[in-house]
Amino acid sequence: QVQLVESGGGLVQAGGSLRLSCVASGNIFSIKAMGWYRQAPGKQRELVAGITSGGSTNYADSVKGRFTISRDNVNTASLQMNSLKPEDTAVYSCAAGYGLGLHFASWGQGTQVTVSS
């Protein structure tokens, strides 16, 4: 079992930046990939960014060039979000995957990010 805890959300004006952090505990050596999802009110959850154990990254088109995911060590991941837009407002959740590629099976509770115009 892996538990994921996010931090770093908050309220920011459009154009501003936030950095989200995720710490995993439990069976951390089973983690292969980590990622960040977001869900806005009335919308489906979407994968924002993911990073494999080999360091390969993937981003949603809507955040390319603005967000950067990093894997600091085996049990931590961060999401640097720059040039934030009101449409980035959502609950952001950290995710962990245990196999090949960017397939996730565990999620944290999430942290709220609100971008004001």
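See the structure above.
Nothing here was measured: the structure is a model prediction, and the numbers come from that model. (Residues numbered from 1 in each chain as written. Predicted model: local features only at pLDDT ≥ 70, side-chain atom pairs only at ≥ 80, totals over all residues. Heavy atoms only, no water.)

1. Digging into the side chain of serine 106
Reasoning step 1: Looking at where serine 106 falls in the secondary structure, it is placed in strand 10 (residues 106–107).
Reasoning step 2: Using a relative accessible area of 14% as the deciding quantity, one classes serine 106 as buried.
Reasoning step 3: Only 2.6 Å separates the side chain of serine 106 from the side chain of tyrosine 98, close enough to count as a polar contact.
Reasoning step 4: Not counting residues up to four positions away in its chain, the partners in contact with serine 106 are Leu4, Cys94, Ala95, Ala96 and Tyr98. (Helix = DSSP H or I, 4+ residues; strand = E, 2+ residues; numbered from the N terminus. Buried < 20%, exposed > 50% of the residue type's maximum accessible area, 1.4 Å probe, protein only. Polar contact = N/O pair within 3.5 Å; in protein donor to acceptor, adjacent residues only side chain to side chain. Contact = heavy atoms within 4.5 Å.)

2. Comments concerning the pairing of strand 9 (residues 90–97)
Reasoning step 1: Strand 9 sits mainly inside the fold: seven of its eight residues count as buried.
Reasoning step 2: Pairing analysis gives seven bridges linking strand 4 (residues 33–39) to strand 9, with the strands arranged antiparallel. In the sheet register, tryptophan 36 faces strand 9, and the bridge partner there is cysteine 94.
Reasoning step 3: Where strand 9 meets strand 11 (residues 111–116), three bridges bridge the pair, whose relative direction is antiparallel. By the bridge assignment, tyrosine 92 is partnered in strand 11 with threonine 111.
Reasoning step 4: Pairing of strand 9 with strand 10 involves two bridges; the strand directions are antiparallel. Note on strand 10: the bridge partner recorded for alanine 95 is tryptophan 107. (Pairing = 2+ DSSP bridges.)

3. As for the environment of serine 70
Reasoning step 1: In this structure, serine 70 sits in strand 7 (residues 67–73).
Reasoning step 2: Distance from serine 70 to glycine 99, taken between C-alpha atoms, is 19 Å for residues 29 residues apart in sequence.
Reasoning step 3: What serine 70 contacts, discounting residues up to four positions off in sequence, is Arg19, Ile51, Thr76, Ala77 and Ser78.

4. Considering the packing of aromatic side chains
Reasoning step 1: Counted by the stated rule, this structure contains two aromatic pairs.
Reasoning step 2: Centroid distance tyrosine 37 to phenylalanine 104: 5.8 Å. Interplanar angle 90 degrees. Geometry classified as edge-to-face. Of this pair, tyrosine 37 sits in strand 4 while phenylalanine 104 is found in the loop between strand 9 and strand 10, placing the two residues 67 residues apart along the sequence. Take tyrosine 37 and phenylalanine 104: they sit in the same class, and that class is buried.
Reasoning step 3: Summarising the aromatic geometry, the rings of tyrosine 37 and tryptophan 107 are spaced 5.9 Å apart at their centres and angled 70 degrees between planes, so their arrangement reads as edge-to-face. Within this pair, whereas tyrosine 37 is found in strand 4, its partner tryptophan 107 is found in strand 10, the two being separated by 70 residues in sequence.
Reasoning step 4: Judged by its relative accessible area of 33%, tryptophan 107 is partly exposed.
Reasoning step 5: Members of the aromatic cluster, joined through ring pairs, are Tyr37, Phe104 and Trp107.
Reasoning step 6: Over the ring of tyrosine 37 we find arginine 45; its NZ or CZ atom is 5.1 Å from the centre of that ring.
Reasoning step 7: In this structure, arginine 45 is placed above the aromatic ring of tryptophan 107, and the distance from its NZ or CZ to the ring centre is 4.4 Å. (Phe/Tyr/Trp six-rings, centres within 6.5 Å; stacked < 30°, edge-to-face > 60°. Lys NZ or Arg CZ within 6 Å of the ring centre and 35° of its normal.)

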